[in-house]
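This is what each chain is made of:
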Amino acid sequence: MSLGNIFDIAGSGMTAQSLRLNTTASNIANAETASSSSDTTYRARKPVFAAIQASMLNPDQQGFGVTQSEGTGAGVRVEGIVESDAELQMRYEPNHPAANEDGYVFYPNVNVVEEMADMMSSSRSFQMNVDVMNTAKSMMQRILTLGQQ
């Protein structure tokens, strides 16, 4: 793996964590959204990640650097965003404007504590990828200074 591939790998990680942070923010923003039916109630969303193989990340760099085995990962991509199948919260609030004919209001299946933990995790993962990029940049700058001496 060449030093230049590190930027592609860390960049794909930053993109994935940014999307994870956005879905977490959406879940928290809709945590107390009320609805009169289970079909229209917001459901928690989670991104699904998959490893990108080195040949898919940079197809034009075949044969450069160290040869990699078939199963070697070289980044991450978002396969999609799935909705949670957890049970919705039903609360008896007959005076609520969104209450159904039985007086129940449906609330999303968002666990705010879990979402905050996901937010901290994605934020730290993003920061770690930034640190990897900064370290790689520093290494490349030191390599360039070797020729000056």
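None of these values were measured; they are calculated from a predicted model.

A.B. asks: Even after reading the chapter, I still don't get helix H1 (residues 5–29), so can you show me in this structure?
C.D. replies: Because each turn of an α-helix spans 3.6 residues, side chains separated by three or four positions end up pointing in the same direction. With 25 residues, H1 extends 36 Å between its outermost C-alpha atoms, agreeing within 8% with the 36 Å of an ideal straight helix rising 1.5 Å per residue. Taken residue by residue, H1 has Asn5, Ala10, Ser12, Gly13, Met14, Ala16, Gln17, Arg20, Thr23, Thr24 and Asn27 as its buried positions.

A.B. asks: Explain the packing of aromatic side chains to me, please; I cannot follow it from the model alone.
C.D. replies: Each aromatic ring pair is described using two quantities: the centre-to-centre distance and the angle formed by the ring planes. Within this structure, the stated rule accounts for one aromatic pair. The side chain of Arg91 reaches across the aromatic face of Tyr107, ending 3.9 Å from its centre.

A.B. asks: Looking at this model, I keep getting lost on helix H3 (residues 112–146). Mind explaining?
C.D. replies: The end-to-end C-alpha separation of H3 is 51 Å, in line with the 51 Å expected for 35 residues at 1.5 Å each. Every buried residue of H3 is accounted for by Glu115, Asp118, Ser122, Asn129 and Ala136. Check the buried side of H3 and you find it contacts H1 and strand S1 (45–53). At the N-terminal boundary of H3, the capping side chain belongs to Asn111, with an oxygen 3.2 Å from the backbone nitrogen of Val113.

A.B. asks: Explanation requested: the packing of H1 against H3 in the structure shown.
C.D. replies: When two helices pack together, their arrangement is captured by the angle between the axes and the distance separating the axes. Two elements in contact, H1 and H3, have axes whose closest approach is 9 Å; the angle formed by their N-to-C orientations is 160°. As judged from the angle between their axes, H1 and H3 are roughly antiparallel. Both H1 and H3 take part in a crossing whose hand is left-handed. Within the contact of H1 with H3, the residues separate by chemical class into 14 nonpolar, 10 polar and four charged.

A.B. asks: What should I look at first to understand the side chain of Ser12 in this one?
C.D. replies: As for its position among the elements, Ser12 is in helix H1. Residue Ser12 is classed as buried on the basis of its relative accessible area of 12%. A distance of 3.1 Å separates a polar atom in the side chain of Ser12 from the backbone nitrogen of Val76. The residues touching Ser12, leaving out its near neighbours within four places in the chain, are Gly75 and Val76.

The rules behind these values
Residues numbered from 1 in each chain as written. Predicted model: local features only at pLDDT ≥ 70, side-chain atom pairs only at ≥ 80, totals over all residues. Heavy atoms only, no water. Helix = DSSP H or I, 4+ residues; strand = E, 2+ residues; numbered from the N terminus. Expected span 1.5 Å × (residues − 1). Buried < 20%, exposed > 50% of the residue type's maximum accessible area, 1.4 Å probe, protein only. Phe/Tyr/Trp six-rings, centres within 6.5 Å; stacked < 30°, edge-to-face > 60°. Lys NZ or Arg CZ within 6 Å of the ring centre and 35° of its normal. Contact = heavy atoms within 4.5 Å. Polar contact = N/O pair within 3.5 Å; in protein donor to acceptor, adjacent residues only side chain to side chain. Axes fitted to C-alpha atoms, helices over the stretch in contact; angles between N-to-C directions. Parallel < 35°, antiparallel > 145°, perpendicular 65-115°, else oblique. Left-handed = near helix turned anticlockwise from the far one by under 90°. Nonpolar A, V, L, I, M, F, W, Y, C, P; charged D, E, K, R; others polar.

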